[in-house]
Amino acid sequence: MLRLSLLLSTLLLLGACGQAPVQENTPSIETLPEPEKYSVIFGGTEVGDLTVTFSEQRMAIDFGFENNGRGASSQESLTLDANMLPVEWTITGKTTFGNAVDESFVLENGQAQWRAAAGEGQATVKTPSVYVAQNASPYSLYLIAQAILNNGGEALPALPGGTVALSALQPLQLQHSAGMTDAQVYALKGIQLDPSYLVLGEDNQFIATMSARFALVRDGFQGEEQRLRDVAATLNANRFEDIAAKVSHEYAKPVKIINARIFDPQSLSLTSAKTVTVDGERIVAIDDYDNAFENTDTVVIDAQGGTLVAGLYEMHGHMRDNDALLNVLAGVTSVRDMGNEIDVLDDLVEKINSGKLIGPRIIRSGFIEGKSPFSAATGELASTEEEALALVRRYAQLVGYSQIKIYSSVNGDWVPAMSAEAHKLGLRVAGHVPAFFTADQMIEAGYDELTHINQVMLGWVLTAEEDTRTLFRITGMRRFANLDLDSEPVQKTLNLMVENNIAVDPTTVIHELGLTARNGETRAGVVDYIEHMPVGVQREAKLALLNVADASEDADYKAAFDKIIAMLSMMHERGILLVPGTDLGGAFELHRELELFQQFGMTPAEVLKRASYDMAQYLGFGDDLGSVDVGKMADFFLVPGDPTTDLKAIKTISLVTKDGTFFFPTQVYPEFGIKPFTEVPPIQE
């Protein structure tokens, strides 16, 4: 089969860049490669496809998928030079949540110009450089990889900024429908916080790009999809195991943290300067700080007057290896996982508990989804009430599960029986409001907690037939703009919540992203740290989640977010427990979630208490976690400033300890291409 290299020769000979004349030995159109076809697979389910077609002068890519009631699609047209570097590239389509894509790149006479959702730019190109498109299909990763290989394997400068590099990791033999194929796995680095994994075959033929849950697989290789995802999961785990081995500090001697103030969640204030002694996993002493302190066979860490805060809780996570490490570095030492595959969590928890990976303690939720055309490719699916009840019983028998989480395609009529069974077996019940039902019905059916504030509020503005299994559960929030919070339906729900002691997991930060982020503007949630991030993350920070059609829609979406804040303020005033979670991976996003809690009427100190002490109590860990006290687990972080007066201080963490193992974020962030935020505190070993 002719490879893409033949296409490149053809493009050049045909004068694709408007410079080279047609030669006598120009390949005819009949010798162009056949279209390449790929399957898009999430969690083992095929949800879309990608096709690459070739003409005399260009290549075209058509990509699309649908999953969990939403999906992306794009059409790309490219002209490449001899090194497989794009000299002209257009991309149109939509993102996963419907934001319109209209992106272009042109390189002519050494001048590059680009336009994308993040904004416009230009640069003089003197050496081979590769444009990193903001909204290209996964095939773009192959284009970048092939450009590097055609440049002798050397790293290439990237536009708009940074550098991209490719590393060969391991050979593979893959089963194609026509026979065995020798292949090579590569890691592409420099675009995001984590590398992308690609598989290339003979003549660098593109076979797949994959992660633990996603794969784009060339036709004929679909039978290898699970193995390819397993390879990606193993490589990712190995990477994080290597990082853990380098940056985890387990001291054989007691550790004294001197000259540290401690946040006291009971008094909502800071103590005077203290010395905190950690021996093994526990805090064994807290003494007044003495300037005349002398080392007595201990490790001494000088907090320099900074503040110790008990580890934070991310109450709405979906954990993976990278999320696990980044959360700990951000002071998030406990995460409630709100939906994951059982085997994924088993493996992750085992590696964290054994010290192979750095990660938070994970509190598990059993994800139960109904079977429908809109089913989420996560967790376990049920098509009948009996199957749903069987899943409740299964989760109750497994170790580490504290609750079930009900998702949007579950038939709401099953919920009373599911809730009764869960409660009988010692599990709490939380989740979305199933499609075509209301929060009131779920409270009466036995919910203990409602997940996402939009799931509560949509019941006040939708009609009975409107389907929240689709993207409409996001776009429908536009109607919040005109919602009367003092109306009878709203107040009835609030009264039910108070009477039944219902908690709410609002995930405010993801609604801020969805309703207020706009193309070309750095979104509010990341402004304090985005300049420390790799170029791909910086560009994503200027991308809207939704397609905003006009000024009226823009105003309504922003007013809808204001109404969400007003609703959560009303809930807080009524004594309804609001738990801090993000559904965005936690870490830096949780810091923003906590900032938003201040808009509900909470002081910085009250927010810190809610995210640490209150959540430890809520989840049943109050005897061991939630405050920096003698006898409790060594589970806290150090910041130079005073977060009780300025909550932004939690964004400059210099030390974290979880279960007595110490981490210094400044030593770890460069592994992700992140510029550190502060210095490592002075340490005497």
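Our subject is the structure that appears above.
Residues numbered from 1 in each chain as written. Predicted model: local features only at pLDDT ≥ 70, side-chain atom pairs only at ≥ 80, totals over all residues. Heavy atoms only, no water.

Caption draft 1: Representation of the overall build of the protein within the structure. Helix and strand content of the protein: 17 helices and 33 strands. In summary, the protein has a C-alpha radius of gyration of 27 Å against a globular reference of 26 Å for 685 residues, a match within 12%. Of the contacts formed within the protein by residues at least 6 apart in sequence, a portion of 63% connects residues at least 24 apart. By element, 47% of the accessible surface of the protein is carried by carbon and sulfur atoms, the whole surface being about 26000 Å². Taken together, the 51 basic and 92 acidic charged side chains of the protein have centroids lying 1 Å from each other. (Helix = DSSP H or I, 4+ residues; strand = E, 2+ residues; numbered from the N terminus. Rg over C-alpha atoms; globule rule 2.2 N^0.38 Å. Contact = heavy atoms within 4.5 Å. Areas by Shrake-Rupley, 256 points an atom, 1.4 Å probe, with all protein chains shown as cover. Lys, Arg positive; Asp, Glu negative; His and termini not counted. Charge placed at Lys NZ, Arg CZ, Asp CG, Glu CD.)

Caption draft 2: Inspection of the packing of aromatic side chains at higher detail. In this structure the tally under the stated criterion is 20 aromatic pairs. With 5.9 Å between their ring centres and 55° between their planes, F63 and F65 make a pair best called tilted. Judged by centre distance (5.4 Å) and plane angle (75°), the ring pair of Y139 and Y142 falls under edge-to-face. You can see Y139 and its partner Y142 sitting in helix α2 (residues 139-150), 3 residues apart, about one turn around the helix. Across the pair, exposure class does not vary: Y139 and Y142 are buried alike. Through a chain of ring-to-ring contacts, three or more aromatic side chains come together here, namely Y38, Y139, Y142 and F206. One Lys or Arg, R239, reaches over the ring of F240 and ends 5.1 Å from the middle of that ring. Positioned above the aromatic ring of F672 is the side chain of R239, whose terminal nitrogen or guanidinium carbon lies 5.1 Å from the ring centre. (Phe/Tyr/Trp six-rings, centres within 6.5 Å; stacked < 30°, edge-to-face > 60°. Buried < 20%, exposed > 50% of the residue type's maximum accessible area, 1.4 Å probe, protein only. Lys NZ or Arg CZ within 6 Å of the ring centre and 35° of its normal.)

Caption draft 3: Expanded view of the side chain of T657. Secondary-structure assignment places T657 in strand β31 (residues 655-658). For T657, a relative accessible area of 0% translates into the label buried. Side-chain polar atoms of T657 contact the backbone oxygen of T661, separated by 3.2 Å. For T657, the contacting residues outside a window of four places in its chain are T333, A634, D635, F636 and F662. (Polar contact = N/O pair within 3.5 Å; in protein donor to acceptor, adjacent residues only side chain to side chain.)

Caption draft 4: Structural context of the pairing of strand β8 (residues 119-124). Where burial is concerned, little of β8 is hidden: 0 out of the 6 residues are buried. The pairing of strand β7 (residues 111-116) with β8 spans 6 bridges and is classified as antiparallel. Residue pairing in the sheet places Q111 in a bridge with T124 of β8. Where β7 folds back onto β8 in an antiparallel hairpin, the turn is made up of 2 residues. (Pairing = 2+ DSSP bridges.)

Caption draft 5: Structural view of the environment of S402. Along the polypeptide, S402 turns up in strand β26 (residues 401-406). Residue S402 is classed as partly exposed on the basis of its relative accessible area, which comes to 25%. Between the C-alpha atoms of S402 and E488, which are 86 residues apart in sequence, the distance is 34 Å.

Caption draft 6: Layout of α2. If you check α2, its first and last C-alpha atoms are 17 Å apart, about what 12 residues at 1.5 Å a residue would give, namely 16 Å. Taken across its 12 residues, α2 has 10 buried, putting it largely inside the fold. Residues Y139, S140, L141, Y142, L143, I144, A145, Q146, A147 and I148 constitute the buried set of α2. In the segment just after α2, G152 is the residue with positive phi, at about 80°. (Expected span 1.5 Å × (residues − 1).)

Caption draft 7: Looking closely at the nonpolar core. With 118 residues, the main nonpolar core has I404, M418, L450, I453, M497, M567 and M571 as its most contacted residues. Top contributing element to this core by residue count: helix α14 (residues 551-573), with 9 residues. Formed by 49 residues, the second largest nonpolar core is a distinct cluster that contains V47, I144, A145 and L156. (Core = buried A, V, L, I, M, F, W, Y, C linked by side-chain atoms within 4.5 Å.)

Caption draft 8: How the structure looks around the pairing of strand β13 (residues 196-200). Of all 5 residues making up β13, 4 are buried, and the element is well covered by its neighbours. As defined by bridge partners, strand β12 (residues 179-189) adjoins β13 across 5 bridges and the pair is classed as antiparallel. Each residue of the ladder has a partner; that of Q184, found in β13, is L200. The hairpin turn running from β13 into strand β14 (residues 206-210), its antiparallel successor, is 5 residues long, and D203 in that turn takes a positive phi close to 55°.

Caption draft 9: Layout of the packing of helix α6 (residues 385-397) against helix α7 (residues 415-424). Here α6 crosses α7 at 20°, and the two axes come no closer than 9 Å. It follows from the interaxial angle that α6 and α7 lie roughly parallel. When you trace α6 past α7, the crossing you get is right-handed. On α7, the residues touching E385, A388, L389, V392 and R393 of α6 are A417, M418, E421 and A422. Of the residues contributing to the contact of α6 with α7, the split by class is 6 nonpolar, no polar and 3 charged. (Axes fitted to C-alpha atoms, helices over the stretch in contact; angles between N-to-C directions. Parallel < 35°, antiparallel > 145°, perpendicular 65-115°, else oblique. Left-handed = near helix turned anticlockwise from the far one by under 90°. Nonpolar A, V, L, I, M, F, W, Y, C, P; charged D, E, K, R; others polar.)

Caption draft 10: Fine view of the pattern of salt bridges. Per the counting criterion, the structure on display carries 38 salt bridges. Between R115 and D102 there is a salt bridge; the shortest N-O distance is 3.6 Å. Here R115 is found in strand β7, whereas its partner D102 is found in strand β6 (residues 100-108), with 13 residues between them in sequence. When its relative accessible area of 31% is taken as the criterion, R115 is described as partly exposed. For the salt bridge of E553 with R478, the shortest nitrogen-to-oxygen distance reads 3.3 Å. Separated by 75 residues along the polypeptide, E553 in helix α14 and R478 in the loop between α10 (472-475) and α11 (488-499) bring together distant segments of the chain. Because the salt bridges share partners, they merge into one network encompassing E512, D528, R592, E595, K648 and K651. (Salt bridge = Lys/Arg side-chain N within 4 Å of Asp/Glu carboxyl O.)

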